[in-house]
Amino acid sequence: MPYSRREIIHILRSAAFQRAKGDRSRAHPLCEEAGQAARTVFGQTIYQRGVIEFSSQCDMACLYCGLRLPNTRLDRYTLSHADVLHAVDTAVQCGMGTIVLQSGQTAQPDPALIAELVSVIKSRHRVAVTLSLGEHPEDVYRLWRDSGADRYLLKIETTDEALHQRLRPGQTAATRLRHVERLQRLGFETGSGIISGLPGMTPDILAEDLIRLSSLGLEMLAVGPFIPHPDTPLGHSSRGCLTQALLAMAFLRLQNRGANIPATSALDSISPEGRILGLQAGANVIMPSFTPDTVRGAYSIYPGKNRPGSKAADIATALQQRVLSAGFELTNITGNSKTPLFSRLPRMLEGTL
Ligand code: 5AD
């Protein structure tokens, strides 16, 4: 590992200090180093994942998230299969090589229906399918894997047990990690990630999160800054800092050279150039939303997440233009991770020997 825990904490702290002095003139050298590391592995190529947020139903009560069950101000929706398949067609036409099906974590929909949706998508298009549906029993994960799902995203949010339990009532970081490992063993390309700048998250906790995440041999890693949602108990907390989120991403790149790392849309909620800065700081993936405009405003994880009104394809095209203007190239290939097998193997074999 190129950086020690002490160095990571020191850099995260000093970045906060620089920001306090108002020094925003240029990228942190670490972000430049991470950008170069990403270009060495992926060139200028950026992978594209079309996200379809097909249901805003959620049984959880995470203090930071607008989809939380106690938020009664949200219009809940679940798209029909026909609507999802239409959104998939649009995403593929716009050049997406991967379709990400995302919803809140809920026991409501029949897992067999999701399995059916996955197999229909796989039979119609040459795309990878990623599921991002929260924690489920092992036999459900297996059903979805058998139906053709290639990848699974399950963000740990923070590995700090006390903070995790405070922000995710009734849940533990240890269980979340066990689910991540289970998904790896089932053969999914597995992704996880954290929210930086969560209320109560110190530089020490963030550093520990980055180290723990990097020890898992994951194929996908993500950091998004915390954005307060007014209809949650954390609505009055301050948002995460852009520099800190970019530095956290840069560390993940430097410690996981072959992993797929998205420039998260939360970066754009903080700064109009947030996602481009993310790509320059080591990300190699964009994930535009193709949720139909009739419901996209209602998938309100945090403010600014999905602009209502505009057509998904138009928003995606505008993002693609920004990415191209910044000197990157776009591809429609599925873009599997380049995480070396030797770092994944121990997790994959665990429990099977
Ligand atoms: N700010 C930033 N990210 C958030 N997420 C949920 N709520 C927020 C918020 N207020 C992220 C979590 C979740 C993903 C879908 O969105 O990481 O896993």
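As a reminder, the structure under discussion sits directly above these lines.
Because the structure is predicted, anything quoted here is derived from the model rather than measured.

(A) Representation of the site of the ligand within the structure. Taken together, Tyr64, Cys65, Lys155, Glu157, Ile195, Pro225, Phe226, Ile227, Ile301 and Tyr302 make up all the residues around the ligand. The side chain of Glu157 places a nitrogen or oxygen atom 2.6 Å from an oxygen atom of the ligand. Take Ile227: an N or O atom from its main chain is 2.7 Å from a nitrogen atom of the ligand. For the ligand, whose accessible area on its own is 400 Å², the fraction buried by protein is 87%. Of the residues contributing to the shell around the ligand, the split by class is eight nonpolar, no polar and two charged.

(B) Structural view of the packing of helix H3 (residues 81-93) against helix H4 (residues 111-124). The geometry of H3 relative to H4 is characterised by a closest axis approach of 11 Å and an angle of 35 degrees between their N-to-C directions. The crossing of H3 and H4 is right-handed. Along its contact with H3, which presents His81, Val84, Leu85 and Val88, the element H4 presents Leu113, Glu116, Leu117, Val120, Ile121 and Arg124. In terms of residue class, the contact of H3 with H4 is made up of seven nonpolar, one polar and two charged.

(C) A look at helix H12 (residues 312-325). If you check H12, its first and last C-alpha atoms are 20 Å apart, about what 14 residues at 1.5 Å a residue would give, namely 20 Å. Among all positions of H12, only Ala312, Ile315, Ala316, Leu319, Gln320 and Val323 are buried. One side of H12 carries all its buried residues, which in axial view fall inside an arc of 140 degrees. Along H12, the residues that are exposed and aim more than 90 degrees away from the buried face are Asp314 and Ser325. Where H12 is buried, its residues contact strand E1 (45-55), helix H11 (274-280), strand E7 (285-286) and strand E8 (329-330).

(D) Representation of the pairing of strand E3 (residues 128-132) in the model. Most of E3 is tucked away: five of the five residues are buried. Of the two faces of E3, the one lined by Ala128, Thr130 and Ser132 and the one lined by Val129 and Leu131 are each fully buried. Inspection of the sheet shows strand E2 (residues 98-103) paired to E3 by five bridges, in the parallel sense. Residue pairing across strands places Thr98 opposite Ala128, the latter belonging to E3. In this view, the connection linking E2 to its parallel neighbour E3 by way of H4 has right-handed handedness. Here E3 pairs with strand E4 (residues 151-153) via two bridges, running parallel. By the bridge assignment for E4, Thr130 is matched with Arg151. As for the winding sense of the linkage, the β-α-β connection from E3 through helix H5 (residues 138-146) to E4 is right-handed.

(E) Region of the structure containing the pattern of salt bridges. One pass over the full model with this rule turns up 11 salt bridges. A salt bridge links Glu208 to Arg5; its shortest N-O distance comes to 2.8 Å. A residue pair is termed long-range when its members are at least 10 positions apart, and Glu208 in helix H8 (residues 203-214) and Arg5 in helix H1 (residues 5-20) qualify at 203 residues. A relative accessible area of 28% places Glu208 in the partly exposed class. With relative accessibility at 39%, the residue Arg5 sits in the partly exposed group. Members of the salt-bridge network, linked through shared partners, are Glu138, Arg142 and Arg182.

(F) View of the packing of aromatic side chains. Applying the stated criterion to the full structure yields five aromatic pairs. Centre to centre, the rings of Phe42 and Tyr47 are 5.8 Å apart; their planes meet at 90 degrees, and the pair counts as edge-to-face. According to the relative accessible area criterion, Phe42 is buried, its value standing at 6%. Its relative accessible area of 5% is what places Tyr47 among the buried residues.

(G) Representation of the side chain of Thr291 in the model. In this fold, Thr291 is placed in the loop between E7 and H12. At 2.4 Å, the side chain of Thr291 forms a polar contact with the side chain of Glu53.

(H) Examining the side chain of Ser300 more closely. Within the secondary structure layout, Ser300 lies in the loop between E7 and H12. In terms of polar contacts, Ser300 uses its side chain to reach the side chain of His229, at 2.8 Å. Setting aside its immediate chain neighbours within four residues, Ser300 contacts Gly66, Leu67, Leu74 and His229.

(I) Layout of the state of the cysteines. What the rule picks out here adds up to zero disulfides. The structure places no disulfide on Cys58, whose sulfur is separated from the nearest cysteine sulfur, that of Cys65, by 6.4 Å.

(J) Just H4, in detail. In this model H4 runs 20 Å from its N-terminal to its C-terminal C-alpha over 14 residues, within 8% of the 20 Å that 1.5 Å per residue would give. By the burial criterion, the buried members of H4 are Ile114, Ala115, Leu117, Val118 and Ile121. Buried residues of H4 fall within an arc of 160 degrees about the axis and therefore sit on the same side. The outward face of H4, more than 90 degrees from its buried face, is lined by the exposed residues Ser123 and Arg124.

About the cut-offs
- Every chain is numbered independently, its residues counted from 1 as its sequence is written.
- Residue-level local features of this predicted model are given only where pLDDT is at least 70; pairs of side-chain atoms are given and counted only at 80 or more, and the full residue set underlies all totals for whole chains, interfaces and linings.
- Excluded from the side-chain calculations are hydrogens and water; all other atoms, namely the structure's heavy atoms, are used.
- For this purpose, a residue is taken to be near a molecule or strand whenever a single non-hydrogen atom of the residue falls within 4 Å of it.
- Any N or O atom pair separated by 3.5 Å or less is treated as a polar contact, with the protein-specific requirement of one donor-capable and one acceptor-capable atom, and with residues adjacent in sequence counted only for side-chain atom pairs.
- In this description, accessible areas are obtained by the Shrake-Rupley approach with a 1.4 Å probe, and a residue is regarded as covered only by the protein chains that are shown.
- Three classes are used: nonpolar for Ala, Val, Leu, Ile, Met, Phe, Trp, Tyr, Cys and Pro, charged for Asp, Glu, Lys and Arg, and polar for all others, with Gly counted as polar.
- Where helices are involved, their axes are fitted lines through C-alpha atoms of the stretch in contact, as for all axes, and angles between N-to-C directions lie from 0 to 180°.
- Think of it this way: any DSSP run of H or I at least four residues long counts as a helix, any run of E at least two long counts as a strand, and we number them from the N terminus.
- By definition, any crossing whose near helix is turned counterclockwise from its far helix by less than a right angle is left-handed, and any crossing with a clockwise turn is right-handed.
- Only heavy atoms enter the contact rule, under which two residues are in contact if any of them lie within 4.5 Å.
- What a helix is expected to span follows from its residue count: subtract one and scale by 1.5 Å.
- Only protein chains enter the calculation, and the probe is 1.4 Å; a residue is then buried if its accessible area is under 20% of its type maximum, exposed if over 50%, and partly exposed in between.
- As used here, the arc is the angular range of directions from the helix axis to the C-beta atoms.
- At least two DSSP bridges between two strands are needed for those strands to be called paired.
- Here a crossover is taken to be right-handed if, once the strands point away from the viewer, the path from the first strand over the helix to the second is traced clockwise.
- Whenever a carboxyl oxygen of Asp or Glu lies within 4 Å of a side-chain nitrogen of Lys or Arg, that contact is scored as a salt bridge.
- Each pair of aromatic rings taken from Phe, Tyr and Trp, with Trp reduced to its six-membered ring, is defined by centres within 6.5 Å and is described as stacked if the planes are under 30 degrees apart, edge-to-face if over 60, and tilted in the remaining cases.
- The criterion for a disulfide is a pair of cysteine sulfur atoms lying within 2.5 Å.

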